[in-house]
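Each chain is listed here by its residues.
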Amino acid sequence: MKRILVPTDFSEHAENALKVAAQIAIKNNSEIFLLHLLEIPTQLNDAITGAASIPEVMLFMKKAKEALRKLKEKDYLKNIQVTEKLRFERAFDGILSCSNENEIDLIVMGSHGISGIEEVLIGSNTEKVVRLSDAPVLVIKKGTKELKGTNFVFASDFSKEIKKPFKKMIEFSKIFDAKLNLVMICSPNSFKPTALSEKIMNDFITEYNITNYSTHIYNDVNIEQGIINFSNSVNANLIGLCTHGRTGLAHFFTGSISEDLVNHAVRPVITFKI
C-alpha cells in the first residue's frame, strides 16, 4: 500500500484519520495524497469553468490552500511525502475520482462513529465511498489517533468470491504484524450448522500461508450486532470486511446494515472490495 488518500475537511476527525495514515505511511514507506473538496455554490460555477475570476471563488481557494499547507507542516508528517490535492467536486465523487486517477492503494477517512463523516463528508458519503471504491477504505472513529492493529477481526462468509480481497486483507495485517480473528457470524437469517461453518472456514484457510490466526463461529440476532459483539469479546483494535459494489459493506448483509456498521462500530473499520 504505497499510495494513501486522505480526504480532509480540516476537522478534528479528519486530522485523526491523517495521523493514522501517517502511521501506516511510516511503516510502509507510503506517499500520502491529502485531498480537500470545494463544493462551490451554483452561482459561482462560471468561475470554475473559466468564464470569470469571481473573488469569492478565489477566496475559497486561497483559504483551502493555506489550510492544506499548514496541515502538511504537522510534525507527524515529517519524512513522509505528502501531495496536496484541491478539487471542485461533491465529496464522494471527488474522493473516488481522485483515488482512481492516482492509483490509490488505501483510502483513510475520519468518522464520528455515530452519524458518519463530519461536515463535507456527511450522511451517506462514507457508505458510498466504501461501497464504490476499488481501493480498501479505512474508516477511523472519533478519538482514534493511532491504529493499534495488533488484534484484527475479519468477518466474512468465506465464500470463493472473497479470495482476492482476502489476500489484500492479509497484506494489510502484515503491516501491523496483527493476529487475525477470522469469524463467521450466524444469525437466524443466515444460519449454518456448526460443522458446516467449520468446514467452510477450514477449507478456505488451507489456500493461504498464514500462521497467526484463529477461527471463530459467533451466533447473534443479526450480522451487524454479531460483528460488534464478537469484536468486543476479543478486544479487537480493527474490524475488517469485504465489500460488494451492489449491496454495501458485505454482500451477505441486507438493508442498511452496511452503513450502520461503519457508523455505529466504535472501532476502526477497513473494507476490501470484492
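None of these values were measured; they are calculated from a predicted model.

Attention shifts here to the packing of aromatic side chains. Here the structure, examined in full by the defined rule, presents nine aromatic pairs. Summarising the aromatic geometry, the rings of F172 and F176 are spaced 5.6 Å apart at their centres and angled 50 degrees between planes, so their arrangement reads as tilted. Members of the aromatic cluster, joined through ring pairs, are F154, F158, F166, F204 and Y208.

One finds I32, L138, F166, F172 and L182 to be the most contacted residues of the largest nonpolar core, which totals 45 residues. Here the element with the most residues in this core is helix α1 (residues 12-28); it accounts for seven residues. Those residues within four positions of L182 in sequence are excluded, and the remaining contacts are F154, F158, F166, M169, M201, I205, I210, Y213, S214, T215 and H216. Membership of the second largest hydrophobic core comes to 16 residues, among which are F33, L37, C98 and V129.

This next bit is on the sheet that holds strand β9 (residues 238-243). Read across the sheet, 10 strands follow the order β3-β2-β1-β4-β5-β10-β9-β6-β7-β8 without closing on themselves; strand pairing throughout is mixed. Edge positions in the sheet fall to β3 (82-87) and β8 (213-219), since each has one partner strand and no second. For this sheet the average axis-to-axis angle between neighbouring strands, irrespective of direction, equals 25 degrees. By the bridge criterion, three bridges tie strand β6 (residues 151-155) to β9 in an arrangement that is parallel. Residue pairing across strands places F154 opposite G240, the latter belonging to β9. On the sheet, helix α3 (residues 55-72) packs against β2 (31-37) and β3 and is oriented at approximately 160 degrees with respect to β3. Running over the sheet, helix α7 (residues 194-205) touches β7 (179-186) and β8 and is turned about 150 degrees from β8.

A large share of β9 lies buried, amounting to six of its six residues. Burial of β9 is two-sided: the residues L238, G240 and C242 facing one way and the residues I239, L241 and T243 facing the other way are all buried. Alignment of β9 against strand β10 (residues 269-273), held across five bridges, turns out to be parallel. By the bridge assignment, G240 is partnered in β10 with I270.

Buried within helix α8 (residues 223-233) are the following residues: I223, E224, G226, I227, I228, F230 and S231. Trailing α8 by a residue or two, N235 shows a phi angle of about 55 degrees, which is positive.

With that out of the way, let us pick up the pattern of salt bridges. Applying the stated criterion to the full structure yields nine salt bridges. In this structure, the salt-bridge partner of E84 is K72, at a minimum N-O distance of 3.3 Å. Here the residue E84 occupies a position in strand β3, and K72 occupies one in helix α3, the gap between them amounting to 12 residues. For K72, a relative accessible area of 34% gives the class partly exposed. The network of salt bridges with common partners includes R87, E89 and E101.

What follows covers the side chain of D220. For D220, the position within the fold is in the loop between β8 and α8. As a buried residue without a salt bridge, D220 has its nearest oppositely charged side chain in R267, at a separation of 12 Å. Ignoring sequence-local partners within four residues, the contact set of D220 consists of C186, S187, P188, Q225, G226 and N229.

Below, the discussion takes up unusual backbone geometry. The phi angle at N79 is positive, at roughly 70 degrees, despite the residue not being glycine. Within the secondary structure layout, N79 lies in the loop between α3 and β3. Overall, the relative accessible area of 85% leaves N79 in the exposed class. The backbone of F158 shows a phi angle near 55 degrees, a positive value even though the residue is not glycine.

Analysis parameters
Residues numbered from 1 in each chain as written. Predicted model: local features only at pLDDT ≥ 70, side-chain atom pairs only at ≥ 80, totals over all residues. Heavy atoms only, no water. Phe/Tyr/Trp six-rings, centres within 6.5 Å; stacked < 30°, edge-to-face > 60°. Core = buried A, V, L, I, M, F, W, Y, C linked by side-chain atoms within 4.5 Å. Buried < 20%, exposed > 50% of the residue type's maximum accessible area, 1.4 Å probe, protein only. Helix = DSSP H or I, 4+ residues; strand = E, 2+ residues; numbered from the N terminus. Contact = heavy atoms within 4.5 Å. Pairing = 2+ DSSP bridges. Axes fitted to C-alpha atoms, helices over the stretch in contact; angles between N-to-C directions. Salt bridge = Lys/Arg side-chain N within 4 Å of Asp/Glu carboxyl O. Lys, Arg positive; Asp, Glu negative; His and termini not counted.

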